[in-house]
Amino acid sequence: MTLARSADSRLVGNRVLLTLLIAAVASSVLLPFASLSPNRLSSGQPMMLWQALPEWQLTALALIGLALLAATLARPLPRRTSLWLSLIATLSLLGLDFFALGEYAHRALVDASPAARVSQGATFWILLFVSALIAIDALQRLRLGLVKRALFGAAVLAVIGACFSGDLLSPLSIMREFANQKANFVDQLIRHLMLVAGALIPALAIGLPLGLLVNRRDGLRNGLFSMLNVFQTLPSIAVFGLLIAPLSALGRAVPWLGDLGVSGIGVAPAIIALVLYSLLPIVRNTYSGLAGVSAGTLEAARGMGMTPRQILWQVEIPLALPVILSGLRIVTVQAIGLVVVAALIGAGGFGAFIFQGLGQYAIDLVLLGAIPTIVLAVIADFALQILVTLSRPPGTR
Amino acid sequence: MIELQGLTKTYAGKNVVDDVSLTLDTGEFGVLIGPSGCGKSTTLKMINRLVPLSGGRIILNGDDVTELPAEQLRRRIGYAIQSTGLFPHWSVAQNIATVPQLLKWPKSRIDDRVDELMAMFHLDPTEFRHKYPHQLSGGQAQRVGVARALAADPEVLLMDEPFGAVDPLTREVLQAEMRRVHRQTGKTIVFVTHDMDEALQLATRIALLNGGKLVQYDRPIELMVKPDNDFVREFIGQADLGLKLLSRRWVHQYQREPSFEHHATLKGLDHCWQLDDAGRPIALEGARLDDDHQVTEVKPEWTATPEMSMKEALSRMVWYRVMVLPVVDDAGKLIAEIGMQGIMGIEAESGLSAGNPAS
Amino acid sequence: MSGTTQGLGRLRAASAGNGVLGVLIVLLVGLTLGMGQLEPLFRALFPDLGNPLYSRDSFLNLMLAHIGLVLMSSLISVTIGVAAGLFVTRPVGREFEPMVSSLAAIGQTFPPAAVLAIAVPLAGFGFAPTIIALSLYGLLPVIQNTIAGLGTVPHTTLEAARGNGMSRWQILRRVELPLAMRVIIAGIRVSVIINIGTATIGSTVGAKSLGTPLIAGLVGNNLAYVIQGALLVGLLAIVTDLLFERLERRYSFGS
């Protein structure tokens, strides 16, 4: 009885949302929304939200804030209504965040020199981040089905896509950097993906049978796992570096290997190191996926008269698949990140932008490398997570 | 028919199964029982060669099992274990169809067989066909496990403590069902358990093992009344022997025509049944120790079925304080009655001699 | 990635004896102090290089700077991470648990190098962005494992502690934390190992570390520098990992 009453008299129904809202308001007051700089390399003059945005946008922002505030309260709105309200509000916040930045850039650059640049500021990022967190929180609390979540995801993508499709954002410094580098950007994207694929395919080809072998022969397990584990602890850049000398020697000593592109720097050491890094999660997950098939299931399979091959393909692999794919998920995300570092030994990919930008003190170039890498990693993670879910036996998803 | 001849299994120089010989005729329900580590499971698993033999021979319907390819042999033998043995990634129908699929039966024949088996185990196909093992209760999973073992109409059914992981109430239901299925199919069954009550419920032959050796192999009743040695006596337990005997007796052996009119001559047993339009009993007049003329409403808790053990029937009479129970069929229709004096009368005439021609 | 360390800790316990760790520590200290003595070796290996030994800074300084970076950021990560993990597993903060957990999970998909790069526009070049990136990134495995570790404490154990009249604080300090410690340490281990690697790349944003000779070697095409930096940072990572493994083992109560 006391419990029910205390729940009824509670003012705030969603403290997570309230915390996020306070963070957003605080950053809006304290941190700049954008910055205006005279040229590409110099640091800019900070513009606060109320300096950058016209009145109607500020009003809209305030309305979104009020809607979110209403959604934090325990009453009068019912719980699910509040959550849906916060979802809609956060979608508007996302759109407004992008729109306001682009629109400000257009206005600010009208009578500025051609070299002048507008960049996004901390508040822009924080509002973006807060929108994402509000959406995650609301989606978790609503416990929506896969289809409804996918629909919301599509709505988010539609809003972001709409912002990027026209030339709303094109005056932004980073978009101008992108326009300059467009051809190069696509090249590096492809190169990044090729490096990831080039590492994952051999890693799977070696790792899956190795995992099966380790599952069948207990004696090999400890040695192999400790070897691969030591390798995982080594910093990637150190491994890339240590591979240069032997590979360049190999490339010189065996001319046809050299012709194939095996040399100290570039793709060869990158791929070799990435394969080695990828082996542990693949072998380990293959092993534990197979080991996770219960002894009773295996005994029943044998007792029913299945051959070892039938047991492997019809029972063990289907049951181990979610765990194996989780390993692939870890490895893919890891490889996308490691390829960034491989740019330091000349393998290319988005890391090339990052390190080139760091070298030239060109922040936009750094972001042009860093942001797509993160987006790529998150997309890969999400896609493989869906694959893992789909691979679970039906009914247990 | 299964013959074990001098069957031996050696692990690390120790005989875990030591020179076990016995013959189980076609249609018998044989139970291997003994304390843990006695070799009962190992013995069972040697029959379908999940465990290789160290010595001796196993003859299955005239064939030496070691001379058949292991997989082919296993497809001739049904195998049911604790519910973990269901394939978690396959639906109920797919699980049941495992062996027919391995034997490459045509699809329509498999479908028919699955339906037939699901009906036999009272699993409604529309409801259960597409369910997955994790969506089943322990009892349902176990029924699927046994149905799967029977799917390809095997010559023999091996069961390794199949009801070990279910709760006592479900276990009793499953045991009753197992008896019914055995009666319906006439299969030769080898069943491993460590629970003497379960063995007495099910077996037509019990093999008691200890330390890898066969201690006694006999009909259940003889095991009770003529134990070969102290180990057997101790394992069966001296307490409740009378009740244990009753647990080997079935209502259908003792039921009689139901009474529909009063017989004032029978003190305490003067009673009659009231039926509804469908022939289901709704009330009992009389037959109460406390009040001869009381009308008692019939409740499912104190009705009996032909498959019920006399021990259970007696238990219900005592608990609900009635001298007779209605015996109903699947539809709940009254087909007979079973009374207190029936239980006593049978014991007086001594059913013991039936299984004991020597005395 | 925390699974790596958790699952394999015990497997490796057998193979990695005291001897290996001892040898590696001696090697690490010896190379840090005495890399200069190896100059003839590097000169022989790389006859084309005019200057085969990195000499712009002493390796001891670089090692201390590297350890300093990692230590400082790990201190921040562990303090905030454990506190956050504790907060969201208490009744007060439980509401935040799903949000914090998914944040930690999503955050770990971000490549460390990209996080480091993004810290530059926020904090400029040098020590600060490296510390920020390292602390932020290192936070995630610590939070995740603190939550997971506290979650592994059996319900019955907690009930027994309550039943014996322990206060909430006593339960946390004497039951929950000791039982969760192994998993929490595994999280710290992952965090520290990643940070040792990321601190190496920190030299590209201007923080002094063992990556400094490594990157200088890559840029200036001096393989000797690369090997000197890579050897030391690799040894540092392995030694640290092995030390953490022993620490973890001290907290495994038969599980």
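Residues numbered from 1 in each chain as written. Chains lettered and ligands numbered in written order. Predicted model: local features only at pLDDT ≥ 70, side-chain atom pairs only at ≥ 80, totals over all residues.

A tally of regular secondary structure across chain A gives 17 helices and 3 strands. Expressed as lengths along the three principal axes of its C-alpha atoms, the size of chain A is roughly 70 × 70 × 30 Å. When burial is assessed residue by residue, chain A has 43% of its 397 residues classed as buried. Long-range contacts, defined here as pairs at least 24 residues apart, represent 72% of the contacts in chain A between residues at least 6 apart. (Helix = DSSP H or I, 4+ residues; strand = E, 2+ residues; numbered from the N terminus. Buried ≥ 20, exposed ≤ 12 C-beta atoms within 10 Å, placed from the backbone. Contact = placed C-beta atoms within 7 Å.)

Glancing now at the pairing of strand E12 (residues 281–286) of chain B. Residues and elements named next belong to chain B. Bridge analysis of strand E11 (residues 271–275) against E12 gives 5 bridges, and the strand direction is antiparallel. Note on E12: the bridge partner recorded for histidine 271 is glycine 286. Relative to strand E13 (residues 295–297), E12 is paired through 3 bridges, and the arrangement is antiparallel. The residue bridging glutamate 285 from the neighbouring strand is valine 295, located in E13. (Pairing = 2+ DSSP bridges.)

The next point concerns the domain arrangement of chain A. Once the domains are mapped, chain A shows domain 1 (2–173) and domain 2 (182–391). Measuring from the centre of the C-alpha atoms in domain 1 of chain A to the corresponding centre in domain 2 of chain A gives 36 Å. (Domains from an automatic or database assignment.)

Next up on the list: the nonpolar core. Ranked by internal contacts, the top residues of the largest apolar core, which has 271 residues, are Phe240(A), Val341(A), Ala342(A), Leu344(A), Ile354(A), Val190(B) and Ala117(C). The element contributing the most residues to this core is helix H15 (residues 308–342) of chain A, with 17 residues. Once residues lying within four places of it in the same chain are set aside, the contact partners of Val341(A) are Ser236(A), Ile237(A), Phe240(A), Gly351(A), Ala113(C) and Ile201(C). (Core = buried A, V, L, I, M, F, W, Y, C linked by C-beta atoms within 7 Å.)

The next subject is the interface of chain C and chain A. Where interface size is quoted, it is often the accessible area lost as the parts come together. Facing the 47 residues of chain C at the interface are 49 residues of chain A. Of all the secondary structure elements, the ones that give two or more residues to the side of chain C that touches chain A are helix H1 (2–15), helix H5 (97–107), helix H6 (112–123), helix H9 (168–201), helix H10 (211–220) and helix H11 (223–250) of chain C. The residue makeup of the side of chain C that touches chain A, split by class, is 33 nonpolar, 11 polar and 3 charged. (Nonpolar A, V, L, I, M, F, W, Y, C, P; charged D, E, K, R; others polar.)

A few words on the domain arrangement of chain B. What the domain assignment lists for chain B is domain 1 (2–238) and domain 2 (251–348). If you average the C-alpha positions of domain 1 of chain B and of domain 2 of chain B, the two centres end up 35 Å apart.

Time to look at the environment of Val196(A). All names here are of chain A. Inspection of the secondary structure puts valine 196 in helix H9 (residues 182–216). For valine 196, a count of 24 C-beta atoms within 10 Å corresponds to the buried category. Expressed as a C-alpha distance, the spacing of valine 196 and leucine 338, which sit 142 residues apart in the sequence, is 8.9 Å. Beyond its immediate chain neighbours, meaning those up to four positions away, valine 196 contacts Thr332, Ala335, Ile336 and Val339.

To continue, consider the sheet that holds E11(B). Residues and elements named next belong to chain B. In space, the 3 strands of this open sheet follow the order E11-E12-E13, with antiparallel pairing throughout. A single partner strand is all that each edge strand has here, and the edge strands are E11 and E13. The sheet shows a mean angle of 25 degrees between the axes of neighbouring strands, direction not considered. (Axes fitted to C-alpha atoms, helices over the stretch in contact; angles between N-to-C directions.)

Quick look at the interface of chain A and chain B now. At the junction of the two partners, chain A supplies 18 residues and chain B supplies 20 residues. Within the residue set of the side of chain A that touches chain B, elements represented by two or more residues are helix H14 (295–303) and H15 of chain A. Ranked by residue count, the leading element in the side of chain A that touches chain B is H14(A), at 6 residues. For the side of chain A that touches chain B, the residue count by class is 8 nonpolar, 8 polar and 2 charged.

Residues and elements named next belong to chain B. Under the 1.5 Å per step criterion, the end-to-end length of helix H5 (residues 107–120) is 20 Å for 14 residues, consistent within 8% with the ideal 20 Å. Along its buried surface, H5 packs onto helix H3 (92–96), helix H4 (98–102), helix H6 (125–128) and helix H7 (138–150). Histidine 122 lies just past H5 and shows a positive phi near 55 degrees. (Expected span 1.5 Å × (residues − 1).)

A few words on the sheet that holds strand E9 (residues 205–210) of chain B. Residue and element names in this part refer to chain B. Spatially, the 6 strands line up as an open sheet ordered E6-E7-E8-E3-E9-E10, and their pairing is mixed. Since the sheet does not close on itself, it has two edges, and those belong to strand E6 (77–80) and strand E10 (213–218), each with one partner. When the angles between neighbouring strand axes are averaged without regard to direction, this sheet yields 15 degrees. One ladder, built from 5 bridges, connects strand E7 (residues 156–160) with strand E8 (residues 188–193); its direction is parallel. Paired with leucine 158 across the two strands is valine 190, which belongs to E8.

Okay, the pairing of E9(B) next. Residue and element names in this part refer to chain B. Of all 6 residues making up E9, 5 are buried, and the element is well covered by its neighbours. Examined bridge by bridge, strand E3 (residues 29–33) and E9 share 4 bridges and lie parallel to one another. The residue of E9 that forms the bridge with glycine 30 is arginine 205. Where E9 meets E10, 5 bridges bridge the pair, whose relative direction is antiparallel. The residue bridging isoleucine 206 from the neighbouring strand is aspartate 218, located in E10. Counting the residues between successive antiparallel strands, the hairpin from E9 to E10 contains 2 residues, one of them, glycine 211, with a positive phi of roughly 55 degrees.

Residue and element names in this part refer to chain B. Across chain B, the average pLDDT comes to 84, with 91% of residues at or above 70. With pLDDT under 50 throughout, residues 346–359 is counted as low confidence; its partners more than four residues away or in other chains account for 13 contacts. Two numbers describe this predicted complex: its pTM, 0.81, and its ipTM, 0.84. (pLDDT = per-residue confidence, 0-100.)

Another aspect to go through is the packing of H15(A) against H6(C). Interhelical geometry of H15(A) versus H6(C) gives an angle of 60 degrees and a closest axis separation of 7 Å. Viewed along their axes, H15(A) and H6(C) adopt a mutual orientation that is oblique. Where H15(A) abuts H6(C), its residues Gly337(A), Val340(A) and Val341(A) lie against Pro112(C), Ala113(C) and Ala114(C). Class assignment for the residues of the contact of H15(A) with H6(C) results in 5 nonpolar, 1 polar and no charged. (Parallel < 35°, antiparallel > 145°, perpendicular 65-115°, else oblique.)

Turning next to the packing of helix H4 (residues 59–89) of chain C against H9(C). Residues and elements named next belong to chain C. For the pair H4 and H9, the least separation of the axes is 10 Å and the interaxial angle reads 145 degrees. The hand of the H4/H9 crossing is right-handed. Residue-level inspection shows His66, Leu69, Val70, Ser73, Ser74, Ser77, Val78 and Val82 of H4 in contact with H9, the latter providing Ile184, Ile188, Ser191, Val192, Asn195, Ile196 and Ala199. The residue makeup of the contact of H4 with H9, split by class, is 9 nonpolar, 6 polar and no charged. (Left-handed = near helix turned anticlockwise from the far one by under 90°.)

Moving on, we come to the environment of Lys131(B). Residue and element names in this part refer to chain B. Tracing the backbone through its elements, the reader meets lysine 131 in the loop between H6 and H7. Residue classification places lysine 131 among the partly exposed residues on the basis of 17 C-beta atoms within 10 Å. Taking the C-alpha atoms as reference, lysine 131 lies 5.4 Å from serine 91; in sequence the two are 40 residues apart. Lysine 131 has contacts with Ser91, Val92 and Leu136, leaving out every residue within four places of it along the chain.

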